[in-house]
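# Structure assessment
Here are the chains, one letter per residue:
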Amino acid sequence: MNQITDRLKQMTPLQRAVYALKETQTRLEALEKKRVEPIAVVGMACRFPGEVNDPASFWQLLRDGVDAIGEIPADRWNADDYYDPDPASPGKMSSRSGGFLSRIDEFDNHFFGISDGEALQMDPQQRILLELVWETLEDAGIAPLQLRGSRTGVFVGISSSDYFLLISNDASQTNAYVAAGTSLCLASNRLSYALGLQGPSISLDTACSSSLVAVHLACQQIRLGECDAALVGGANLLLSPIGSINLTKAGFCSSDGRIRAFDAGASGYVRSEGVGMIMLKPLSAALKDKDPIYSIIRGSATNQNGSSNGISAPSRLAQEQVLREAYARAQVSPGQVGFLETQGT
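In this report, the structure presented in the accompanying data block is examined. (Residues numbered from 1 in each chain as written. Predicted model: local features only at pLDDT ≥ 70, side-chain atom pairs only at ≥ 80, totals over all residues. Heavy atoms only, no water.)

Now for the overall build of the protein chain. In terms of helices and strands, the protein chain carries 14 helices and eight strands. In terms of overall dimensions, the protein chain has a C-alpha envelope of 90 × 50 × 40 Å along the principal axes. Counting the 345 residues in the protein chain, one finds 39% classified as buried. A sequence separation of at least 24 residues applies to 73% of the contacts in the protein chain between residues at least 6 apart. Here the protein chain has roughly 19,600 Å² of accessible surface; of this, 55% comes from carbon and sulfur atoms. Averaging the locations of the 30 positively and 38 negatively charged side chains of the protein chain gives two centres separated by 12 Å. (Helix = DSSP H or I, 4+ residues; strand = E, 2+ residues; numbered from the N terminus. Buried < 20%, exposed > 50% of the residue type's maximum accessible area, 1.4 Å probe, protein only. Contact = heavy atoms within 4.5 Å. Areas by Shrake-Rupley, 256 points an atom, 1.4 Å probe, with all protein chains shown as cover. Lys, Arg positive; Asp, Glu negative; His and termini not counted. Charge placed at Lys NZ, Arg CZ, Asp CG, Glu CD.)

Here we take up the pattern of salt bridges. Under the criterion given, the structure shown has 16 salt bridges. With its nearest N and O atoms 2.6 Å apart, the salt bridge here joins Asp289 to Lys281. The exposure class of Asp289 is partly exposed, given its relative accessible area of 43%. Across the pair Arg329 and Glu325 runs a salt bridge whose closest N-O atoms are separated by 2.8 Å. Here Arg329 pairs with Glu325, and both are found in helix H14 (residues 316–330), just four residues apart, close to one helical turn. A residue is classified by how much of its surface remains accessible, and Glu325, at 35% relative accessible area, is partly exposed. Residues joined in a network through salt bridges with shared partners are Arg47, Glu131 and Glu135. (Salt bridge = Lys/Arg side-chain N within 4 Å of Asp/Glu carboxyl O.)

Packing of helix H6 (residues 124–140) against helix H10 (residues 186–195) leaves a shortest axis separation of 10 Å and a crossing angle of 45°. Compared by their axis directions, H6 and H10 come out oblique. Here the hand of the crossing between H6 and H10 comes out right-handed. Between H6 and H10, the contacting residues are Gln126, Leu129, Leu130, Val133, Trp134 and Leu137 on the first element and Leu186, Ala187, Arg190, Leu191, Ala194 and Leu195 on the second. In the contact of H6 with H10, the residues fall into ten nonpolar, one polar and one charged. (Axes fitted to C-alpha atoms, helices over the stretch in contact; angles between N-to-C directions. Parallel < 35°, antiparallel > 145°, perpendicular 65-115°, else oblique. Left-handed = near helix turned anticlockwise from the far one by under 90°. Nonpolar A, V, L, I, M, F, W, Y, C, P; charged D, E, K, R; others polar.)

Moving on to helix H3 (residues 55–64). If you check the start of H3, you find a side-chain oxygen 3.1 Å away from the backbone N of Ala56, and it comes from Asp54. Just downstream of H3 lies Gly65, where phi reads positive at about 65°. (Polar contact = N/O pair within 3.5 Å; in protein donor to acceptor, adjacent residues only side chain to side chain.)

With respect to the helices, strands and loops of the structure, Arg148 is situated in the loop between helix H7 (144–147) and strand E4 (152–158). When the C-alpha positions of Arg148 and Gly196 are compared, they lie 4.6 Å apart, and in sequence the two are 48 residues distant. Ignoring sequence-local partners within four residues, the contact set of Arg148 consists of Ala194, Leu195 and Gly196. Of note is the side chain of Arg148, whose polar atom sits 3.4 Å from the backbone oxygen of Ala194.

Take helix H11 (residues 210–224) next. Compared with the 21 Å implied by 1.5 Å per residue over 15 residues, the 21 Å span of H11 between its first and last C-alpha is a close match. For H11, the set of buried residues is Ser210, Val213, Ala214, Val215, His216, Ala218, Cys219, Gln221, Ile222 and Arg223. (Expected span 1.5 Å × (residues − 1).)

Regular strands have side chains that alternate between both faces of the sheet. Most of E4 sits out of view: seven of its seven residues are buried. Neither face of E4 is open: one carries Thr152, Val154, Val156 and Ile158, the other Gly153, Phe155 and Gly157, and all of them are buried.

An order of E5-E4-E6-E7-E1-E8 is seen for the six strands of this open sheet, with the pairing classed as mixed. Each having just a single partner strand, strand E5 (201–204) and strand E8 (295–297) make up the two edges of the open sheet. Averaged over all pairs of adjacent strands, the angle between their axes in this sheet comes to 25°, without regard to strand direction. Relative to E5, E4 runs parallel, the two sharing four bridges. Within E5, the residue paired with Val156 across the bridge is Ser203. Against the sheet, H6 engages strand E1 (39–47), E4, strand E6 (229–236) and strand E7 (274–282), with an angle of about 130° to E1. (Pairing = 2+ DSSP bridges.)

As structure tokens, then:
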């Protein structure tokens, strides 16, 4: 620093101005590079229907074309009590099918330093997210203690807590642990607490896009310097029939338990469960740390449909705009895209 100061003193005013311009240009280039730097996926874990408990078994399920949709399990609710083929029937749903996880009641709470009493009042979504965070770090080859006190963010997409509906039916079940155990904000906050992470910790609900928006927000926060890395996940468990009844009345649910998106026979979607988690780092940091890299995120974008022919209906103009913005930020031509995923409600 002293050498630079001495050099500046020896410069003419014009030389100092040129030096300042070069320094400013260097800083601007560094900021622009960080703004568009690809984000690497360095670890992942998941629980999906079809006895999928890790990414390898999920990939195998996809390769084999396995249909993981089945009958509503008896340990969720009695399908006979709530089923009616007429979707207009009060208090009934017109489907007996869904995608469900197994053994969601199993949880080694002592491993995470959680008492038996507190674990009983925890939404299973929180429990599984804790398990998947640990598995994601294992997959990434990162020791959990290594992250304590770090600026690692946690972003969780989560829309509902059926567990709260179940335990709130009986006021005698309410105790000091219920608020934290069923609060959606704790879905992310508990992960930060368990690992001692000091980056942003955010739970967000944008309905079907919650997990994707969580990834988008995490990438933004990394590029802005709000966090150095991020754990990003999403959770959805179906524990109460209420949600399925509501969506049946709204006309969203397929009555035969099958999705036929963009087909003349399309009649809605099939509600399913799943919990997933990934770890994100700037590509330069992942390469420097010799992390395993599954893929990179070059860019993303979000917007809202605005006014359309219904609050749940898309707007073609808005959809076009968000696609163009995503391509521009990723610096990718639409012609280079080889796979496109859409929601098929």
